[in-house]
Amino acid sequence: MTEQVESVISADRSAQAGIERSASLWADAWRDLRRRPVAIASAVVIVLVSSMAAFPWLWTRTDPRDCPIQLSKATPSAAHIFGTNELGCDYYAMTIYGARASIIVALVSTSLVLLVGALVGMAAGFYGGWVDSVLSRLADIFFALPFLLGALVFLSMLRSHSVWTIVLAFAVLGWPPLARIVRASVLATKNMDYVQAARSLGASDRRLLFRHILPNAAAPAIVVATILLGTYVASEATLSYLGIGLQPPEISWGIMIAQGQSYVTSGYPHLLLFPAAFLSATVLAFILLGDALRDALDPKLR
Amino acid sequence: MGGPGAGGLKGLEVTPLGRYLARRLLQFVPTLLGALFILHYLMTVGIQLNGDPARAVFGDRTPSQSQLQAMQRVFGTDDPCFEQAGNPCLTVFVHRLENMAQGDFGVDSRERPVVTLIAEHAPITARLALLAILIELLVGVTAGVLAGLRGGSFWDYVVKVSTTMLVAIPIFVVGAVTQLVLGVEFGSWLKGVGAPDLLTGLFSIAYRTDQPWASLVMPAFVLASLSLATTARLTRTSLMENLRGDYVRTATAKGLTRNRVVGVHALRNSLIPVITNLGISFGNLLAGAVVTEGIFNIRGIGGLVFGAVATGEAATVVSVVTILVLVYLLCNLIIDVLYAVLDPRIRLD
Amino acid sequence: MLPEPDPDADLLDVRDLRIEFRTRDGVSKAVNGVSFTVQPGQTRAILGESGCGKSVTAQAVMGILDSPPAHVTGGEVRYRGVDVLTLPDEERRRIRGNHIAMVFQDALSALNPVFTVGFQIGEQFRKHLGMSRTDARRRAVELMDQVRIPAARQRVNDFPHQFSGGMRQRVMIAMALALDPDVLIADEPTTALDVTVQAQIMSLLGELLRERQMGLVLITHDMGVVADVADHISVMYAGRIVEEAPVRDIYARPAHPYTKALLESIPRVDVKGQQLNVIKGLPPSPTRVPRGCAFHPRCRYARDVCRQDPPPLYGVDSRRTSACHFWEEVVSARSEGSEPRSREQDEGVGGE
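Residues numbered from 1 in each chain as written. Chains lettered and ligands numbered in written order. Predicted model: local features only at pLDDT ≥ 70, side-chain atom pairs only at ≥ 80, totals over all residues. Heavy atoms only, no water.

- Named according to an unreviewed UniProt entry, chain C is ABC transporter ATP-binding protein originating from Planosporangium mesophilum.
- Quoted verbatim from the Subcellular location (unreviewed entry) field of UniProt, the annotation for chain C is "Cell membrane". (UniProt positions renumbered as here; feature names shortened; annotations may be inferred.)

Right, dumping it as structure tokens:
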């Protein structure tokens, strides 16, 4: 009896140690991140772009779809600081409104990929055996398919394109890397003492997974997810640029760059450069923040 | 004490390298079939959702029932399974595999075989890809070595910042901006001052048939940019790690020159991850070729896909991409073999 | 090649060597005035716990310190009378392998995994002597025979990971002997090996030494290894040599409390039911060496003077020295077991 009580106490203590360890990991990472100028700058850019996506009227009172044709292709001026496009639409307003598509695609795709990847990775890592073999093999096969080429095949089939078809393509093709990472960290934590202790006390599989194992898989998954956000912003723009992502009259940086590019030779480089700068800054911010997070969360790399 | 080495048993023994190759080949078949099936399924779901490549060919016109059925037969999408959402259309897949095994990858809307289209467009893409891989290796490895030899130095910083930019900025932006700055602005200035043909070819806004190599250099740099950055970073980190390695110290203790210690002992090991990464970067090259060839108006395989996407030739897109994936998987197989030759340790397990 | 070697000088003469590590966290003095000599055909053992500066000393003699962060800040390393520390890099490089060679601890990581052992042994013949590939390979096989690797001719094209630990260490030794050096530095050559293999490797080294009249610097923490092969022992603690003596004297009557404690921590087969002594406490970190005698916090002879004044090297007799204020007391004390043991009963950390 006493023995049992003791083991309950010690298992509880070691479980607590596991949780505290991950709590201090996050606290350390947070302290570390605040000291990195690159991380702060990236976070600022992400907040700004997100506010453009959520509340574009904070940034501009002009309607990007209100296009007086007589103003076609005006170069930047006080009234239209980014100039206008060939239809006379205010280019600054378009650039601001263009953030929404990118952010929505990136956020929803990443959430779905996180969900699918985490479920598959946890199942493969936790149950092992044939479940692991089947799921890992499946992930390998998806890995063998270059991401953009797969999306190209799927989207070129569709007649109508929207944010959601793009999200669907990204989610279907994007989960394997996350599944691999989650699987690896589940495998690593599964045999740690505090998890074994909890298991020996008869904790249910679900409790083991969500209370003990998942918190440890969270750090690498979040790093990858941050970088994925940037990748998806870039991929959406690329597909829209190719003409199989979003399509006019939707507003997207990729479409703006595609259309702006055809006027580059005739002396309107601003139609290319403004959306290109916004797009690049957004992608760069996500990727740099991901890198900084990785450094902050992995003390070994310091 | 003298453990049984590789030369211990003679006769029927298969060499470790041979065993490794056999295993890789065995893994290759299911991967290949799996990837082809995913492509097929993506297409099937696309059609079932709301698309039909046959209908897309007619654009805004509404085809007659017989016209449509004829086009569906051409594309092989006349099977009723394409009307049933969720049906994987396995019989169609098997049929396609049989056709592929005989070298038949379907036709475009004008009923030209896709294989013929590919054969026409392949040479220029091969030249572009070759240039891009050369640039990736030469520039990427050199930059990585410069940065890795002295971590924290000025060069290290330059390489770090520029590779981060290249990784983050989408290739079509790199391409469009390069075309604007080097092609439109600098290129027209060069023409204005009457520079020689080779030079204007190097900075041309589009592919020029009279300069079949020079006018591909700039697109190749654009195409290589992403892989170049990853190659430089990989070389840098693995060189820095290997320079701290015990065996590098041993090589120094043997009285070898610094050049030989770095160039032969450390670099040889540092290039192993770079070679492995070539497989992944080849996938990026193929996807990037679609964008790059579109921007610089290069009529290669990428340009073929770019054009087919623009005109709604979905069947051509699927067929060409299928062939690209085949090529990609084959290249990865070759790189795996190369990896085993480079790193003797891999052959054992 | 060398600027006029002096035939009468010591083979290797290290004088007052000082090495610092300069890092962002500050300067740490890893080696503070180490001196020793080696004569042809003799073995000098440098004994100490890990972190005492013995490997850094070996690397400085060899000229393969990682610099930065390590810097030689003083002293001389004389090879046949020539101070190699003042030589230009290119001449220094020629000495490595040709005149002074080194055997490392962990042969698996010290050999390049992607080249065959034949290539790695033969490389020096090609680069130092300009031999052809075929000749270099032939010489590599000969060397592998000399270090008694069975079936050398078949195994010359094998990779390091295909050898057992003992065989790999023989490959390392063959590599070091390739150019007939006069001085061999062996940094923990047997630490990674099984006990039986250790003995084989040590006897091989001893044989080669006698045959070739080389001088050996044996870096080790293992008193057992030292007893059989060494002629002279230098005991190092916290970057200094604390005792120096011929091997027999040191075993019979250690003159420094640290040496004495090390000896007492060896398990002995001939004494039954003996309680094993351990040295309590940990060796100091090079950034925080205690004032006075560096050993005083762990020393059972320590008095007030030890906390204040670092002891100089006292001459115990004509052939030996000790850096202990109370060396006479230590020497005259009877051997282990008879000392007051009260404090050793606490749990402590031994010398590895």
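Structure shown, so let's carry the discussion forward.
## Points about the overall build of chain C
- In terms of helices and strands, chain C carries 13 helices and 12 strands.
- By principal-axis analysis of the C-alpha atoms, chain C measures approximately 65 × 50 × 45 Å.
- In chain C, which comprises 352 residues, the share counted as buried stands at 53%.
- Contacts in chain C between residues at least 24 apart in sequence constitute 66% of all its contacts with a sequence separation of at least 6.
- Element-wise, carbon and sulfur atoms account for 47% of the exposed surface of chain C, whose accessible area totals about 15700 Å².
- If you average the places of the 44 positive and of the 47 negative side-chain charges in chain C, the two averages end up 2 Å apart. (Helix = DSSP H or I, 4+ residues; strand = E, 2+ residues; numbered from the N terminus. Buried < 20%, exposed > 50% of the residue type's maximum accessible area, 1.4 Å probe, protein only. Contact = heavy atoms within 4.5 Å. Areas by Shrake-Rupley, 256 points an atom, 1.4 Å probe, with all protein chains shown as cover. Lys, Arg positive; Asp, Glu negative; His and termini not counted. Charge placed at Lys NZ, Arg CZ, Asp CG, Glu CD.)

## Section: the overall build of chain B
- Helices and strands together make up the secondary structure of chain B, namely 13 helices and zero strands.
- Secondary structure elements in chain B, listed N-terminal to C-terminal, are α-α-α-α-α-α-α-α-α-α-α-α-α.
- The buried share of chain B, reckoned over its 349 residues, is 51%.
- The long-range fraction of contacts in chain B, counting pairs at least 24 apart against all pairs at least 6 apart in sequence, stands at 71%.
- The positive charge centre, built from 26 side chains, and the negative charge centre, built from 23, are 13 Å apart in chain B.

## Considerations on the arrangement of the chains
- The top pair by number of contacts, from a total of two pairs of chains in contact, is chains A and B.
- Contact between chain A and chain C is absent, and the least distance between their C-alpha atoms amounts to 14 Å.

## Details of the UniProt feature "domain: ABC transporter" (unreviewed entry) in chain C
- According to UniProt, the feature "domain: ABC transporter" (unreviewed entry) maps to residues 14-263 of chain C in the numbering used here.
- The distance separating the terminal C-alpha atoms of residues 14-263 of chain C is 26 Å; by composition the span is 42% helix and 27% strand.

## Digging into the interface of chain B and chain C
- Each partner contributes to the interface: chain B provides 27 residues, whereas chain C provides 36 residues.
- Overall, the association of chain B and chain C removes approximately 2700 Å² of surface from exposure, summing both partners, and the carbon and sulfur fraction of that is 59%.
- Inspection of the region where chain B meets chain C yields three salt bridges.
- One salt bridge connects B:Arg260 with C:Glu123, and the closest N-O pair in it is separated by 2.7 Å.
- Where chain B packs against chain C, one counts 14 residue pairs in polar contact (both at pLDDT 80 or more).
- Secondary structure elements with two or more residues in the side of chain B that touches chain C: α10 (246-253) and α11 (258-295) of chain B. (Buried area = accessible area lost by both parts, 1.4 Å probe. Salt bridge = Lys/Arg side-chain N within 4 Å of Asp/Glu carboxyl O. Polar contact = N/O pair within 3.5 Å; in protein donor to acceptor, adjacent residues only side chain to side chain.)

## Some words on the domain arrangement of chain C
All names here are of chain C.
- Looking at the assigned domains, one finds that chain C contains domain 1 (37-61 + 183-196 + 205-352) and domain 2 (100-180).
- On inspection of domain 1 and its partner domain 2, the count reaches two salt bridges.
- Measuring nitrogen to oxygen at the nearest pair gives 2.9 Å for the salt bridge that ties Arg212 to Asp180.
- At the boundary of domain 1 and domain 2, one finds 10 residue pairs in polar contact (both at pLDDT 80 or more).
- Counting only elements with at least two residues in the side of domain 1 that touches domain 2, the list comes to β7 (183-187) and α8 (195-212).
- Broken down by element, the residue count for the side of domain 1 that touches domain 2 peaks at five residues, all from β7.
- A breakdown of the residues in the side of domain 1 that touches domain 2 according to their chemical character gives 11 nonpolar, one polar and four charged. (Domains from an automatic or database assignment. Nonpolar A, V, L, I, M, F, W, Y, C, P; charged D, E, K, R; others polar.)

## Some details on α11(B)
Residues and elements named next belong to chain B.
- A rise of 1.5 Å per residue sets the reference length of α11, with its 38 residues, at 56 Å; its end C-alpha atoms lie only 45 Å apart and thus fall more than 12% short of the reference.
- At Leu267, α11 is deflected by roughly 45 degrees, the largest bend along its length.
- Asn297 occupies a position one or two residues after α11 and carries a positive phi of about 55 degrees. (Expected span 1.5 Å × (residues − 1). Bend = angle between axes of the 7 residues up to and from the residue.)

## Observations concerning the sheet that holds strand β4 (residues 70-79) of chain C
Residues and elements named next belong to chain C.
- Pairing is antiparallel in the open sheet, where four strands are placed in the order β2-β1-β4-β5. Both edges of this open sheet fall to β2 (26-38) and β5 (82-83), since each of them pairs with a single strand only.
- Alignment of β4 against β5, held across two bridges, turns out to be antiparallel. Bridging from a neighbouring strand, Tyr79 pairs with Val82 of β5.
- Contacts between helix α1 (residues 54-62) and the sheet are confined to β1 (12-23), β2 and β4, with β1 contributing the most and set at about 110 degrees to the helix. (Pairing = 2+ DSSP bridges. Axes fitted to C-alpha atoms, helices over the stretch in contact; angles between N-to-C directions.)

## Brief notes about the environment of A:Ser136
Residue and element names in this part refer to chain A.
- In this fold, Ser136 is placed in helix α4 (residues 129-143).
- Residue Ser136 is classed as partly exposed on the basis of its relative accessible area of 22%.
- Ser136 sits 83 residues away from Ala53 along the chain, and the two C-alpha atoms are 37 Å apart.

## Structural notes on the packing of α11(B) against helix α13 (residues 314-342) of chain B
Residues and elements named next belong to chain B.
- Where α11 contacts α13, the axes come no closer than 9 Å and their chain directions differ by 175 degrees. It follows that α11 is roughly antiparallel to α13 by the angle criterion. Taken together, the residues of α13 that come into contact with α11 (itself represented by Arg268, Ile272, Ile275, Thr276, Leu278, Gly279, Ile280, Phe282, Gly283 and Leu286) are Leu324, Val327, Tyr328, Cys331, Asn332, Ile335, Leu338, Tyr339, Val341 and Leu342.
- Residues belonging to the contact of α11 with α13 are distributed by class as follows: 15 nonpolar, four polar and one charged. (Parallel < 35°, antiparallel > 145°, perpendicular 65-115°, else oblique.)

## Describing the pairing of β1(C)
Residues and elements named next belong to chain C.
- Here β1 pairs with β2 via 10 bridges, running antiparallel. Each residue of the ladder has a partner; that of Thr23, found in β2, is Gly26.
- Here β1 hands over to β2 after two residues, the two strands then running antiparallel side by side.
- Relative to β4, β1 is paired through eight bridges, and the arrangement is antiparallel.

## Notes on a nonpolar patch on the surface
All names here are of chain B.
- Nonpolar side chains collect at one region of the surface, where Leu130, Leu134, Leu138, Val139, Trp213 and Phe221 lie side by side and expose about 580 Å² of accessible area between them.
- It is helix α5 (residues 114-149) that contributes the most residues to the nonpolar patch, four residues altogether.
- Following the sequence through the fold, Val139 ends up in helix α5. (Patch = residues over 30% accessible without salt bridge, like charges linked within 9 Å, V, L, I, M, F, W, Y side chains within 5 Å.)

## Some points on the nonpolar core
- Among the nonpolar cores identified, the biggest contains 161 residues, and A:Leu152, A:Leu279 and B:Phe172 are the most heavily contacted of them.
- For this core, the element with the most residues is helix α8 (residues 205-242) of chain A, which contributes 18 residues.
- Within the second largest apolar cluster, 78 residues are counted, among which are C:Val61, C:Met175, C:Ala186 and C:Met236. (Core = buried A, V, L, I, M, F, W, Y, C linked by side-chain atoms within 4.5 Å.)

## What to know about the pattern of salt bridges
All names here are of chain C.
- All told, the structure shown has 33 salt bridges over all chains when counted by the stated rule.
- The shortest N-O distance in the salt bridge between Asp158 and Arg155 comes to 3.2 Å. Here Asp158 and Arg155 have matching classes, each one buried.
- Here Asp304 and Arg307 are joined by a salt bridge, their closest N and O atoms 3.7 Å apart. Taken together, the residues span about one helical turn, with Asp304 and Arg307 both in helix α12 (residues 304-308) at a distance of three residues.

## Re the interface of chain A and chain B
- Taken together, the contact pairs 43 residues of chain A with 49 residues of chain B.
- Along the contact surface separating chain A from chain B lie zero salt bridges.
- Across the contact surface, chain A and chain B share one residue pair in polar contact (both at pLDDT 80 or more).
- Among the secondary structure elements, those contributing two or more residues to the side of chain A that touches chain B are α4, α5 (147-157), α6 (163-190), α8, α9 (253-261) and α10 (270-297) of chain A.
- The greatest single-element share of the side of chain A that touches chain B, amounting to 10 residues, is contributed by α10(A).
- Residue composition of the side of chain A that touches chain B, by class: 32 nonpolar, eight polar and three charged.

## Brief notes about the confidence of the model for chain C
- Across chain C, pLDDT averages 81, with 90% of residues at or above 70.
- Scored below 50 in pLDDT, residues 336-352 of chain C makes 31 contacts in the model with residues more than four places away or belonging to other chains. (pLDDT = per-residue confidence, 0-100.)

## Some remarks on the state of the cysteines
Residues and elements named next belong to chain B.
- One pass over the full model with this rule turns up one disulfide over all chains.
- The partner cysteine of Cys81 in its disulfide is Cys89, sulfur to sulfur 2.0 Å. Because the sign of the S-S torsion sets the handedness, a value of about 115 degrees for the bond joining Cys81 and Cys89 places this disulfide among the right-handed ones. Like Cys89, Cys81 is buried. (Disulfide = S-S within 2.5 Å.)

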